[in-house]
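Listed below are the residues making up each chain.
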Amino acid sequence: MAISVFNQSLLLLGGITVFLLGLMSISENMNDLTGERTRKLLSKCSSSAVRGVFTGTVVTALAQSSIAINVVVIGFTESGLLSLYSACGIVMGANVGTTITAQIISLSGISAFDITALGSLVAFSGMIMKVTVKNKATKAIGSVMIGFGLIFIGIEIMSESVEFFKEFEWFKRIFLIDNPFVLFLNGIVLTAIMQSSSAVTSSMVVLAVGGLLSFKNSVFLILGANIGTCFPVILSSLKKSETARRVAMFNLIFNAFGAVLFFIPMLFFGDEISALFTSTVSIGRAIANFHTVFNLIVTLITLPMLKIFVKMVSRIVIDGKNLKKNKTFKYI
């Protein structure tokens with residue numbers, strides 16, 4: 001038994017590694033393929049926050065990394081290509097676009113649709129393209145296809161390990177914690193460490209399908225994950241201008257606002273909300289749907305109040321140089 005536990009533990013770690021490698025491959029090679037186009041597209045969003053939301057959604061869905069897109073947006077704001085207002089619109093869109101990964105993963109729960117087999121075919125086709133073709137762009141496309149395949153292969157390995165461990169009481173207790181505040185904190189910490197809310201949410205889908213995570217518990221983890229994904233963005237902005245730091249601060253405030261907005265109703269009406277999402281679809285699909293609906297609703301609520309949020313972050317993040325000048329004049 002001890003050997004089986006050890007082997008399955010290694011397989012679980014391997015599955016997580018393969019999954020993350022898939023995400024990294026997609027993100028890096030999509031940047032090579034569309035990097036310049038993405039930059040041009042983002043730079044054209046300075047006139048409308050609504051356009052920024054739409055662009056942020058599409059670009060992040062392709063890049064599979066809201067953190068990467070937010071870092072690019074901070075760089076654009078730093079160089080003056082984007083205003084703070086339009087950059088905040090893109091940030092909101094990036095939060096919506098990042099939900100596409102969990103939606104794709106949740107399809108594996110549909111019977112007669114073996115997405116792992118399809119992913120393996122896509123990865124194999126991508127490998128052939130990468131090995132046989134010399135064109136740089138085609139090789140990058142092949143790498144993206146390999147990345148997609150690795151995501152689903154990693155999920156399959158993780159699922160098999162979860163099936164083994166779910167019989168152990170200690171393993172169940174890790175995920176069946178009946179404390180929303182602990183779950184919320186776990187979501188923040190896990191995402192800050194993994195630097196990918198997509199990876200954390202997709203893992204929740206796997207655990208839920210395996211019977212180790214309830215819909216209600218997954219919601220609190222998702223709310224925490226949306227805050228956890230902000231910390232890498234904040235770190236990337238620390239040595240930037242005050243405008244760039246305001247973009248990172250908006251990302252944190254926006255996600256914290258959304259978390260509070262849904263946390264309180266889940267505390268008092270968690271069972272009713274769970275029934276609403278799980279009544280017609282599998283739990284894996286329900287979690288993916290909640291992740292998307294959550295980000296859409298928070299974006300739609302925040303968009304009309306975006307100017308208020310921008311003023312708020314402008315007051316929180318103050319220009320250090322101007323602050324020094326004001327202090328100097330005060331004592332003259």
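Residues numbered from 1 in each chain as written. Predicted model: local features only at pLDDT ≥ 70, side-chain atom pairs only at ≥ 80, totals over all residues. Heavy atoms only, no water.

> What should I look at first to understand the overall build of the protein in this one?
The number of helices and strands found in the protein is 16 helices and zero strands. By the burial criterion, 46% of the 332 residues in the protein qualify as buried. Looking at the protein alone, contacts between residues at least 24 apart form 82% of all its contacts between residues at least 6 apart. Split by element, the accessible area of the protein, about 16200 Å² in all, is 68% carbon and sulfur. (Helix = DSSP H or I, 4+ residues; strand = E, 2+ residues; numbered from the N terminus. Buried < 20%, exposed > 50% of the residue type's maximum accessible area, 1.4 Å probe, protein only. Contact = heavy atoms within 4.5 Å. Areas by Shrake-Rupley, 256 points an atom, 1.4 Å probe, with all protein chains shown as cover.)

> Looking at this model, I keep getting lost on the packing of helix α9 (residues 180-194) against helix α13 (residues 242-278). Mind explaining?
Axes are the key here: two packed helices are described by the angle between their axes and the distance separating the axes. Two elements in contact, α9 and α13, have axes whose closest approach is 12 Å; the angle formed by their N-to-C orientations is 150°. Considered as vectors, α9 and α13 are oriented roughly antiparallel to each other. When you trace α9 past α13, the crossing you get is right-handed. Seen from α9, the contacting residues are Pro180, Phe181 and Phe184; seen from α13, they are Ala259, Phe263 and Leu267. Looking at the contact of α9 with α13, its residues break down into six nonpolar, no polar and no charged. (Axes fitted to C-alpha atoms, helices over the stretch in contact; angles between N-to-C directions. Parallel < 35°, antiparallel > 145°, perpendicular 65-115°, else oblique. Left-handed = near helix turned anticlockwise from the far one by under 90°. Nonpolar A, V, L, I, M, F, W, Y, C, P; charged D, E, K, R; others polar.)

> Can you walk me through the confidence of the model for the protein in this structure?
In low-pLDDT regions, the fine details of the predicted coordinates are not to be read closely. Per-residue pLDDT for the protein averages 81, and the proportion of residues at 70 or more is 84%. Long-range and interchain partners of residues 323-332, a stretch whose pLDDT sits below 50, account for zero contacts in this model, where long-range means more than four residues apart. (pLDDT = per-residue confidence, 0-100.)

> When you look at the packing of aromatic side chains in this model, what are you seeing that I'm missing?
The description of two aromatic rings rests on the distance between their centres and on the angle between their planes. By the definition in use, this model includes 12 aromatic pairs. Pairing phenylalanine 184 with phenylalanine 263 gives two aromatic rings, centres 5.5 Å apart and planes at 75°, and the pair type is edge-to-face. Here the residue phenylalanine 184 occupies a position in helix α9, and phenylalanine 263 occupies one in helix α13, the gap between them amounting to 79 residues. Overall, the relative accessible area of 9% leaves phenylalanine 263 in the buried class. Ring centres of phenylalanine 250 and phenylalanine 309 lie 6.2 Å apart, and the angle between their planes is 85°; this geometry places the pair in the edge-to-face category. Of this pair, phenylalanine 250 sits in helix α13 while phenylalanine 309 sits in helix α15 (residues 306-316); the two residues are 59 residues apart in sequence, bridging distant segments of the chain. Relative accessible area serves as the criterion here: at 0%, phenylalanine 250 is assigned to the buried category. On the accessibility criterion, phenylalanine 309 (6% relative accessible area) is buried. Taken together, Phe215, Phe262, Phe277, Phe290 and Phe294 form an aromatic cluster joined through their ring pairs. (Phe/Tyr/Trp six-rings, centres within 6.5 Å; stacked < 30°, edge-to-face > 60°.)

> Hey, could you run me through the environment of valine 72 in this one?
Residue position: valine 72 is located in helix α3 (residues 66-79). A residue is classified by how much of its surface remains accessible, and valine 72, at 25% relative accessible area, is partly exposed. A sequence separation of 161 residues divides valine 72 from valine 233, and the C-alpha atoms of the two residues are 9.9 Å apart.

> Any chance you could explain the pattern of salt bridges here in plain terms?
Pairing between side chains becomes possible if they bear opposite charge and their charged atoms approach one another. Applying the stated criterion to the full structure yields one salt bridge. The partner of lysine 216 in a salt bridge is aspartate 271, with the nearest N and O atoms 3.8 Å apart. With lysine 216 in helix α11 (residues 215-228) and aspartate 271 in helix α13, this residue pair connects regions lying 55 residues apart in the sequence. (Salt bridge = Lys/Arg side-chain N within 4 Å of Asp/Glu carboxyl O.)

> Quick question: what am I supposed to make of the nonpolar core here?
Across soluble globular proteins, you tend to see nonpolar side chains buried next to one another. Phe19, Leu223, Phe250 and Phe290 are the most contacted members of the largest nonpolar core, which totals 71 residues. The dominant element in this core, judged by the number of residues it contributes, is α13, at 12 residues. The contacts of leucine 223, once residues within four sequence positions are left out, are Phe184, Ala259, Phe262, Phe263 and Phe294. (Core = buried A, V, L, I, M, F, W, Y, C linked by side-chain atoms within 4.5 Å.)

> Can you walk me through a nonpolar patch on the surface in this structure?
A grouping of Leu261, Val293, Ile297, Ile301, Met305, Ile308, Met312 and Ile316 is seen on the molecular surface, where their side chains present a nonpolar patch of about 590 Å² in accessible area. Of all elements in the fold, only α14 (283-302) and α15 reach the threshold of two or more residues within the nonpolar patch. For isoleucine 316, the location among the structural elements is in helix α15. Exposure remark for isoleucine 316: the relative accessible area of 46% places this residue in the partly exposed category. (Patch = residues over 30% accessible without salt bridge, like charges linked within 9 Å, V, L, I, M, F, W, Y side chains within 5 Å.)

> I keep staring at α9 and nothing clicks. Help me out?
Side chains three or four residues apart in an α-helix point the same way, a direct result of the helix having 3.6 residues per turn. The end-to-end C-alpha distance of α9, which contains 15 residues, comes to 21 Å, matching closely the 21 Å that a straight helix rising 1.5 Å per residue would cover. Taken as a whole, α9 has its buried residues at Pro180, Leu183, Phe184, Gly187, Ile188 and Thr191. When α9 is viewed along its axis, its buried side chains cluster within an angular range of 140° and face the same direction. Exposed residues pointing more than 90 degrees away from the buried face of α9 are listed as Phe181 and Ile193. The inward-facing, buried residues of α9 abut α10 (197-209), α11, α12 (230-237) and α13. Two or three places before phenylalanine 181, at the opening of α9, asparagine 179 has a side-chain oxygen 3.0 Å from that residue's backbone nitrogen. Glutamine 195 sits one or two residues past α9 and shows a positive phi near 55°. (Expected span 1.5 Å × (residues − 1). Arc of directions from axis to C-beta. Polar contact = N/O pair within 3.5 Å; in protein donor to acceptor, adjacent residues only side chain to side chain.)

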